[in-house]
Amino acid sequence: ALCLPCDLRQCRLLWLGALWGCVNEAVVLAAACAVNPFLTPSRVAFNDDDEFADALRQAAESRCYFDGGHFSEPITGLRLFC
């Protein structure tokens, strides 16, 4: 038997993806729901307030660009990796 480190919701997503013929997308969405690929910059890493503000702005712009206006990190992951 195959053992995957997934919780029940991820397993259900993978099963439905296999059932509906979109396994690749289901795997990417399950992985995107498990881990946050877009961590917000930490204030501790910056000495200058302007650099920190620029990093936050760039992170927000990247999210908006890749999610197509849906404001959803799983959809962002799907658009990035599929």
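In this text the structure is predicted, and so the values were computed from the model without any measurement. (Residues numbered from 1 in each chain as written. Predicted model: local features only at pLDDT ≥ 70, side-chain atom pairs only at ≥ 80, totals over all residues. Heavy atoms only, no water.)

K.L.:
Help me understand the overall build of the chain, please; the structure alone is not making it clear to me.
P.N.:
If you tally the helices and strands in the chain, you get four helices and zero strands. Going from N to C terminus, the chain has its helices and strands arranged as α-α-α-α. Burial statistics for the chain: of 82 residues in total, 17% are counted as buried. Of the contacts formed within the chain by residues at least 6 apart in sequence, a portion of 37% connects residues at least 24 apart. As displayed, the chain has an accessible area near 6200 Å², and 61% of this comes from carbon and sulfur atoms. (Helix = DSSP H or I, 4+ residues; strand = E, 2+ residues; numbered from the N terminus. Buried < 20%, exposed > 50% of the residue type's maximum accessible area, 1.4 Å probe, protein only. Contact = heavy atoms within 4.5 Å. Areas by Shrake-Rupley, 256 points an atom, 1.4 Å probe, with all protein chains shown as cover.)

K.L.:
Got a minute to help me understand helix α1 (residues 8–20) in this structure?
P.N.:
Residues separated by three or four positions in an α-helix point in the same direction, a consequence of the helix having 3.6 residues per turn. The end-to-end C-alpha separation of α1 is 18 Å, in line with the 18 Å expected for 13 residues at 1.5 Å each. Backbone geometry just downstream of α1 places G21 in the positive-phi region, at approximately 80 degrees. (Expected span 1.5 Å × (residues − 1).)

K.L.:
Would you mind going over a nonpolar patch on the surface with me for this structure?
P.N.:
Residues Y65, F66, L80 and F81 make up a contiguous nonpolar surface patch of roughly 440 Å² in combined accessible area. Of all elements in the fold, only α3 (49–67) and α4 (73–81) reach the threshold of two or more residues within the nonpolar patch. A relative accessible area of 59% places F81 in the exposed class. (Patch = residues over 30% accessible without salt bridge, like charges linked within 9 Å, V, L, I, M, F, W, Y side chains within 5 Å. Salt bridge = Lys/Arg side-chain N within 4 Å of Asp/Glu carboxyl O.)

K.L.:
How should I be thinking about the confidence of the model for the chain in this particular structure?
P.N.:
Of the residues in the chain, 89% have a pLDDT of 70 or more, and the chain-wide mean is 80. The element-level mean pLDDT for the chain is lowest in α4, coming to 76, with α1 highest at 89. (pLDDT = per-residue confidence, 0-100.)

K.L.:
Explanation requested: the packing of aromatic side chains in the structure shown.
P.N.:
For any pair of aromatic rings, the description consists of the separation of the ring centres together with the inter-plane angle of the planes. Applying the stated rule across the entire model yields one aromatic pair. Both rings, one in F46 and one in F52, keep their centres 5.8 Å apart while their planes meet at 50 degrees; by these two values the pair is tilted. The partly exposed category is assigned to F46, whose relative accessible area is 22%. Using a relative accessible area of 16% as the deciding quantity, one classes F52 as buried. (Phe/Tyr/Trp six-rings, centres within 6.5 Å; stacked < 30°, edge-to-face > 60°.)

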